[in-house]
Amino acid sequence: MTLPSASTTALPATNNGPNNSIKSSQRPNYTLKYTLTGHTKAVSSVKFSADGNWIASSSADKTVKIWSAEDAKIERTITGHKMGISDVAWSHDSKLLVSGSDDKTLKIWDFSTGKCLKTLKGHTNYVFCCNFNPQSNLIVSGSFDESVRIWDVRNGKCLKTLPAHSDPVSAVNFNRDGSLIVSSSYDGLCRIWDTASGQCLKTLIDDDNPPVSFVKFSPNGKYILAATLDNTLKLWDYSKGKCLKTYTGHKNSKYCIFANFSVTGGKWIVCGSEDNMVYIWNLQTKEIVQKLEGHTDAVLCTACHPTKNIIASGSLENDKTIKIWMSDY
């Protein structure tokens, strides 16, 4: 399902030592393995569980679905939200899920039973994004009410409300030790927050400020990947407040599209696109190394498997499917 040019592997570079398992000229060769059908409206989010066994998907159809990452079979459908769901996330032990909905609530679910353990109430508009911290005792959420909230997983209480932005919050993400939160917004800003105090430590501003539609920390926690609605992804060194890399070529001017670091094989950046494709860039060289064709509508969500070279992608209303892609590299 790949472009012919993208699946051809470049000649090995001669200057790479024998220890470099991935040559700098190596390209991924993702091919379509499974198409998951079942959602009846747009797929808004896909996430692999930390143990790599499961895929959770959320949808405008008000459901969360759990699929086996091994054979792509449906495991369970979770219902309870009154309106569409924009995001879903796993706890680090793969036992809990959190979902954020247009019904202004988040719900914490027990994965093994599919039962709702807690409903988190406090946001005054659509909940758009959510994540657990690595310890999974906290949840962070972002909303169209322009706030970021931090919640206690155990009792479902809101611990902090951060007056974070002046427009809807598009993404929230903890760093790898949970000490920092990054948020992004249509107001054009990315902000770094101290989890414990709720203080804003840094605001990243670019020359012009198009809406920031997605943000996340790199796996090592040193960098931030941010998407803006001018068809651009940028890698920031946030301690210096400097943009290091820019990735372009995809289409993203309308929707909040997830982006990922793929680190199981080669080091890639993976992102969906409004031209119905998944784009993969070489993180270092910034060149597009593959485009995955197969979806029939915009691809809003992608996720990378924690240990294997597997990508999951989900698409909008005219498609409604999740596709699973695998690569040797």
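Residues numbered from 1 in each chain as written. Predicted model: local features only at pLDDT ≥ 70, side-chain atom pairs only at ≥ 80, totals over all residues. Heavy atoms only, no water.

### Some points on the overall build of the protein
Broken down by element type, the protein carries one helix and 28 strands. Compactness check: the protein gives a C-alpha radius of gyration of 19 Å against a globular reference of 20 Å for 329 residues, within 12% of the reference. In terms of overall dimensions, the protein has C-alpha extents of about 55 × 45 × 35 Å along its principal axes. For the protein, the proportion of its 329 residues judged to be buried stands at 56%. For the protein, the share of sequence-separated contacts (at least 6 apart) that also reach a separation of at least 24 residues comes to 44%. For the protein, the exposed area adds up to about 13,600 Å²; of that, 48% sits on carbon and sulfur atoms. (Helix = DSSP H or I, 4+ residues; strand = E, 2+ residues; numbered from the N terminus. Rg over C-alpha atoms; globule rule 2.2 N^0.38 Å. Buried < 20%, exposed > 50% of the residue type's maximum accessible area, 1.4 Å probe, protein only. Contact = heavy atoms within 4.5 Å. Areas by Shrake-Rupley, 256 points an atom, 1.4 Å probe, with all protein chains shown as cover.)

### Points about the environment of Tyr255
Inspection of the secondary structure assignment puts Tyr255 in the loop between strand E21 (242-248) and strand E22 (259-262). Along the primary structure Tyr255 and Leu300 are separated by 45 residues, whereas in three dimensions their C-alpha atoms are 7.1 Å apart. Those residues in contact with Tyr255 that sit more than four places away from it in its chain are Ser213, Leu229, Glu274, Leu300 and Leu316.

### Points about the pairing of strand E11 (residues 138-143)
Taking burial as the measure, the six residues of E11 include six buried ones, the bulk of the element. With five bridges joining them, strand E10 (residues 127-132) and E11 adopt antiparallel strand pairing. Residue Cys129 lies in a different strand from E11, and its bridge partner there is Gly142. Turn length for the E10-E11 hairpin, with the two strands adjacent in sequence and antiparallel, is five residues, and the turn residue Ser136 shows positive phi of about 60 degrees. By the bridge criterion, five bridges tie E11 to strand E12 (residues 148-152) in an arrangement that is antiparallel. Across the sheet, the residue bridging to Ser141 is Arg149, located in E12. Hairpin connection, E11 to E12: the antiparallel pair is bridged by four residues, and Glu146 has positive phi, about 75 degrees. (Pairing = 2+ DSSP bridges.)

### Comments concerning the pattern of salt bridges
Considering all chains together, one arrives at five salt bridges under this definition. When the shortest N-O distance is used, the salt bridge between Asp237 and Lys240 registers 3.4 Å. Judged by its relative accessible area of 9%, Asp237 is buried. (Salt bridge = Lys/Arg side-chain N within 4 Å of Asp/Glu carboxyl O.)

### Here we look at a nonpolar patch on the surface
A cluster of nonpolar side chains, namely Met83, Tyr126 and Phe144, defines an oily patch on the protein surface of about 250 Å² accessible area. Among the structural elements, Tyr126 can be located in the loop between strand E9 (116-120) and E10. (Patch = residues over 30% accessible without salt bridge, like charges linked within 9 Å, V, L, I, M, F, W, Y side chains within 5 Å.)

### Thoughts on the packing of aromatic side chains
If you walk through the whole model with that rule in mind, you get eight aromatic pairs. Seen in terms of ring centroids, Tyr126 and Phe144 are 5.4 Å apart; in terms of plane orientation they differ by 65 degrees. Their pairing is edge-to-face. A residue pair is termed long-range when its members are at least 10 positions apart, and Tyr126 in the loop between E9 and E10 and Phe144 in the loop between E11 and E12 qualify at 18 residues. Under the relative-accessibility criterion, Phe144 is labelled partly exposed at 31%. Pairwise contacts between aromatic rings join Trp54, Trp90 and Phe111 into one cluster. One cation-aromatic arrangement involves Arg76 over Phe111; the distance from NZ or CZ to the ring centre is 6.0 Å. (Phe/Tyr/Trp six-rings, centres within 6.5 Å; stacked < 30°, edge-to-face > 60°. Lys NZ or Arg CZ within 6 Å of the ring centre and 35° of its normal.)

### Examining the confidence of the model for the protein
Detailed reading of the predicted coordinates is not advisable wherever pLDDT is low. Summarising the model, the protein shows a mean pLDDT of 93, and 93% of its residues fall at 70 or more. Scored below 50 in pLDDT, residues 1-21 makes 30 contacts in the model with residues more than four places away or belonging to other chains. (pLDDT = per-residue confidence, 0-100.)

### Section: the sheet that holds E11
Pairing in this open sheet of four strands is antiparallel, and the strands run E10-E11-E12-E13 from one edge to the other. The two strands at the open ends of the sheet, each matched to only one other strand, are E10 and strand E13 (158-162). In this sheet, neighbouring strand axes are inclined to one another by 20 degrees on average, regardless of whether the strands run parallel or antiparallel. (Axes fitted to C-alpha atoms, helices over the stretch in contact; angles between N-to-C directions.)

### Observations concerning the state of the cysteines
Scanning the model with the defined rule gives zero disulfides in all. Among the cysteines around Cys158, which has no disulfide bond, Cys129 carries the closest sulfur, lying 14 Å off. Between Cys304, a cysteine without a disulfide, and Cys271, which holds the nearest cysteine sulfur, the sulfur-to-sulfur distance is 11 Å. For Cys304, a relative accessible area of 18% puts it in the buried group. (Disulfide = S-S within 2.5 Å.)

### As for the pairing of strand E5 (residues 74-78)
Here four bridges tie strand E4 (residues 64-68) to E5, and the two strands are oriented antiparallel to one another. Within E5, the residue paired with Lys65 across the bridge is Thr77. In sequence, E4 turns back onto E5 through a hairpin of five residues, with Ala72 there showing a positive phi of about 65 degrees.

### Describing the sheet that holds strand E28 (residues 322-326)
If you walk across this open sheet you meet the four strands as E1-E28-E27-E26, and the pairing is antiparallel. Strands with a single pairing partner mark the edges of an open sheet, and in this sheet they are strand E1 (31-36) and strand E26 (299-304). Mean inter-strand twist for the sheet, computed between neighbouring axes without regard to direction, equals 25 degrees. Pairing analysis gives five bridges linking strand E27 (residues 310-315) to E28, with the strands arranged antiparallel. Across the sheet, residue Ile311 finds its bridge partner in E28, namely Trp325.

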